Amino acid sequence: MDISIGLPAPSLADEVATRPTRAEAEAAVRTLLRWAGDDPAREGLRDTPARVVRSYEDFFAGYETDPVALLARTFQEVDGYDEIVLLRDIRLESYCEHHMVPIIGRAHVAYLPHRRVVGISKLARLVDAYAKRLQIQEKLTAQIAGTIDEVLQPLGTAVVIEAGHQCMTTRGVHKPGVSMVTSKMLGAFRSNPDTRRELLSMLPQPSGTPFT
Ligand SMILES: [Zn+2]
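Summarised in this report is the structure supplied together with it. In this text the structure is predicted, and so the values were computed from the model without any measurement. (Residues numbered from 1 in each chain as written. Predicted model: local features only at pLDDT ≥ 70, side-chain atom pairs only at ≥ 80, totals over all residues. Heavy atoms only, no water.)

Before going further, it helps to examine the coordination of the zinc ion. At 2.1 to 2.3 Å from the zinc ion lie its protein donor atoms, namely Cys-96 (SG), His-99 (ND1) and Cys-167 (SG). Look at where the donors of the zinc ion fall in the sequence and you get C-x2-H-x67-C. In this pair, Cys-96 sits in strand β2 (residues 85–96) while Cys-167 sits in helix α7 (residues 166–169), placing the two residues 71 residues apart along the sequence. When sorted by exposure, Cys-96 lands in the same class as Cys-167, which is buried. (Donors = N, O, S within 2.8 Å, 3.2 Å for Na, K, Ca; no water. Helix = DSSP H or I, 4+ residues; strand = E, 2+ residues; numbered from the N terminus. Buried < 20%, exposed > 50% of the residue type's maximum accessible area, 1.4 Å probe, protein only.)

What follows is the structure in C-alpha cells.
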C-alpha cells in the first residue's frame, strides 16, 4: 500500500525553497555514476562527486547574481555621446536546460545610450549572470536584452548570440559545426532600419568554425 496517498505532494516551490545539502548533491552524482554503469567506489571516481558539485557551483553561478543590481551604477558624464555602444565577441558559456550540457558561443551586446552609460565589464557580467544558469538560447537572448532595456532605459538595445549546442553535437543528431544565431532588438534597433543596419555593419561576420 502506498502510504503517501492522502498526503499533499510537495509543491515545486517547496522543492526549490529547500535546497539540498552538498552531501545530498554528491549522493545524486554517485547515483548517476552507477546508472552510467560504473563503480563510484573505485579509486578514480572516489572524489568525482565532490568535484562535480564544485563544478556545478561554477556552471550555475548565475543563480547567485542579481542581473538588475549589476547595471545599477551608471555614468552620466558622456559629453553628449549618443551613438551605439557595442561589446562584441563576449565568450558565452551556458547550459542547455533540456540536457544539462554546454552551450558555447559568443554574444554581442549593444545599446544606444540615453544620457547614461554603464561600465563595459558590466555588460559581460550581465551575459554571465543569465548564461550561467540552465537556459535555452532564445530565452537567454531575451533576458539580457530585457534587463538592459529595463534598467538603463536606452533608446535601443540589441543582443545577438551565436552558439553551438553540445546536445546537438555530442548526442542526438550529432551535427558538429552547427551554430544557432538568435537576436533580440528593442527600441531604435527594432524600429529604425538605419540604426539596425548600422549595428549589423558593426557586428563581426560569423566565424564559420565550430565553438569549443
Ligand atoms: Zn539540449
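Relative to the assigned elements, Phe-211 resides in the segment after α9 (193–202). Distance from Phe-211 to Thr-169, taken between C-alpha atoms, is 10 Å for residues 42 residues apart in sequence. Sequence-distant contacts of Phe-211, defined by excluding residues within four places in its chain, comprise Ile-104, Gly-105, Arg-106, Glu-162, Ala-163, Gly-164 and Ser-179. (Contact = heavy atoms within 4.5 Å.)

Below, the discussion takes up the pairing of β2. Where β2 meets strand β3 (residues 102–112), nine bridges bridge the pair, whose relative direction is antiparallel. Residue pairing across strands places Leu-87 opposite Val-109, the latter belonging to β3. Where β2 folds back onto β3 in an antiparallel hairpin, the turn is made up of five residues, including Met-100, whose phi is positive at roughly 55 degrees. Sheet topology places β2 next to strand β5 (residues 134–135); two bridges connect them, and they run parallel. (Pairing = 2+ DSSP bridges.)

So, on to the packing of aromatic side chains. Within this structure, the stated rule accounts for six aromatic pairs. On the numbers, 6.2 Å between centres and 90 degrees between planes, the contact of Phe-59 with Phe-60 is edge-to-face. Residue Phe-59 is classed as partly exposed on the basis of its relative accessible area, which comes to 29%. Through a chain of ring-to-ring contacts, three or more aromatic side chains come together here, namely Tyr-56, Phe-59, Phe-60, Tyr-63 and Tyr-95. (Phe/Tyr/Trp six-rings, centres within 6.5 Å; stacked < 30°, edge-to-face > 60°.)

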